[in-house]
Amino acid sequence: TRYEPLRIIDESREALEQMKSGKTGVVLGSDSNTSEWRRRGWFTLDIEPSHGADYVCDANRLSERIPPNSMDYVCAEFISMDPKGTEGVSPSRLLQQARHILKPGGKLIIKTAHFENAPETTLPDRRIYLKKMGNHGFHAVAELHQIFQVDNEATNQTVVYYGEKIAEGYDGSRVKTQIH
């Protein structure tokens with residue numbers, strides 16, 4: 001038997017390298033890497049028209065441009081996040097929008113950083129974001145990388161969140177059995 005969290009990670013990593021035939025995925029915030037993502041078989045989305053993305057829109061409004069249940073994968077790679085959704089995508093709104101456009105069983109990949117003892121950060125806290133992913137209908141797992149000291153108090157590390165869409169809608173009681 002396979003360990004479920006590793007299956008989610010393995011399938012997501014394979015898609016990041018090269019999208020399988022018959023599968024679809026969109027990378028959010030493709031920026032100057034738009035052509036590289038297309039070479040790998042991904043659609044691209046960016047808020048800045050000059051990057052030539054397939055979709056030009058704010059990640060807070062994915063569902064206005066991409067049909068529901070149409071994507072097998074959604075990847076957000078180091079995009080700006082802001083809880084208010086004004087200076088980047090709201091971390092909760094990202095989950096809601098990704099769930100809306102993903103097919104059942106679709107995968108969400110969020111590559112970001114996590115800062116501790118840095119109150120000015122707008123990035124999600126790794127200690128609670130997995131729970132939010134579960135509440136938003138994802139079977140979630142996180143890959144934590146090396147911790148680096150930023151200054152006397154603050155640290156940062158790269159975190160990759162992987163989620164598989166298992167439900168529609170938000171449910172605060174869903175977490176207990178969905179997070180590993």
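To keep things clear, this report deals only with the structure shown in the data block. Note that the coordinates shown come from a computational prediction; the quantities given were computed from them, not determined experimentally.

A few words on the sheet that holds strand S1 (residues 25–28). If you walk across this open sheet you meet the seven strands as S3-S2-S1-S4-S5-S7-S6, and the pairing is mixed. A single partner strand is all that each edge strand has here, and the edge strands are strand S3 (55–56) and strand S6 (138–149). Bridge analysis of S1 against strand S2 (residues 43–46) gives three bridges, and the strand direction is parallel. Across the sheet, residue Val-27 finds its bridge partner in S2, namely Thr-44. Most of the contacts of helix H3 (residues 91–101) go to strand S5 (residues 102–116), to which it runs at about 160 degrees, and overall it touches S1, strand S4 (71–77), S5, S6 and strand S7 (155–165).

With that out of the way, let us pick up the packing of H3 against helix H4 (residues 126–135). It is the contact of H3 with H4, at a shortest axis distance of 10 Å, that shows an interaxial angle of 30 degrees. In terms of their interaxial angle, H3 and H4 are classed as roughly parallel. Between H3 and H4 lies a crossing of right-handed hand. Between H3, through Pro-91, Ser-92, Leu-94 and Leu-95, and H4, the contact on the second element is made entirely by Tyr-129, Lys-132 and Met-133.

Bringing the packing of aromatic side chains into the picture now. Overall, the coordinates contain four aromatic pairs when judged by the stated rule. An aromatic cluster is defined as three or more aromatic residues linked by ring pairs; in this entry it consists of Trp-37, Trp-42 and Tyr-73. Taking the ring centre of Trp-37 as reference, the NZ or CZ of Arg-40 above it sits at 4.8 Å.

The next thing to look at is the pairing of S1. Covered by surrounding structure in S1 are Gly-25 and Val-27 together with Val-26 and Leu-28, the residues of both alternating faces. In terms of strand pairing, S1 meets S4 through four bridges, oriented parallel. Residue pairing for S4: Leu-28 is matched across the bridge by Ala-76. Taken together, S1, helix H2 (residues 34–39) and S2 constitute a β-α-β crossover, and its handedness is right-handed.

Of note, Asn-69 is a non-glycine position whose phi angle comes to about 55 degrees, a positive value. If you trace the backbone, Asn-69 turns up in the loop between S3 and S4. You can call Asn-69 partly exposed: its relative accessible area is 37%. Within the chain, Phe-78 stands out as a residue other than glycine whose phi angle is a positive 50 degrees. In this fold, Phe-78 is placed in the loop between S4 and H3. Residue Phe-78 is classed as partly exposed on the basis of its relative accessible area of 49%.

A separate point is the side chain of Thr-34. Inspection of the secondary structure puts Thr-34 in helix H2. Owing to a relative accessible area of 4%, Thr-34 belongs among the buried residues under this scheme. Here Asp-31 takes part through its backbone oxygen, which lies 2.8 Å from a polar atom of the side chain of Thr-34. A distance of 3.4 Å separates a polar side-chain atom of Thr-34 from the backbone oxygen of His-51. The residues touching Thr-34, leaving out its near neighbours within four places in the chain, are Thr-44, His-51, Gly-52 and Ala-53.

So, how was this worked out
- Residues numbered from 1 in each chain as written.
- Predicted model: local features only at pLDDT ≥ 70, side-chain atom pairs only at ≥ 80, totals over all residues.
- Heavy atoms only, no water.
- Pairing = 2+ DSSP bridges.
- Helix = DSSP H or I, 4+ residues; strand = E, 2+ residues; numbered from the N terminus.
- Contact = heavy atoms within 4.5 Å.
- Axes fitted to C-alpha atoms, helices over the stretch in contact; angles between N-to-C directions.
- Parallel < 35°, antiparallel > 145°, perpendicular 65-115°, else oblique.
- Left-handed = near helix turned anticlockwise from the far one by under 90°.
- Phe/Tyr/Trp six-rings, centres within 6.5 Å; stacked < 30°, edge-to-face > 60°.
- Lys NZ or Arg CZ within 6 Å of the ring centre and 35° of its normal.
- Buried < 20%, exposed > 50% of the residue type's maximum accessible area, 1.4 Å probe, protein only.
- Right-handed = clockwise from strand over helix to strand, strands pointing away.
- Polar contact = N/O pair within 3.5 Å; in protein donor to acceptor, adjacent residues only side chain to side chain.

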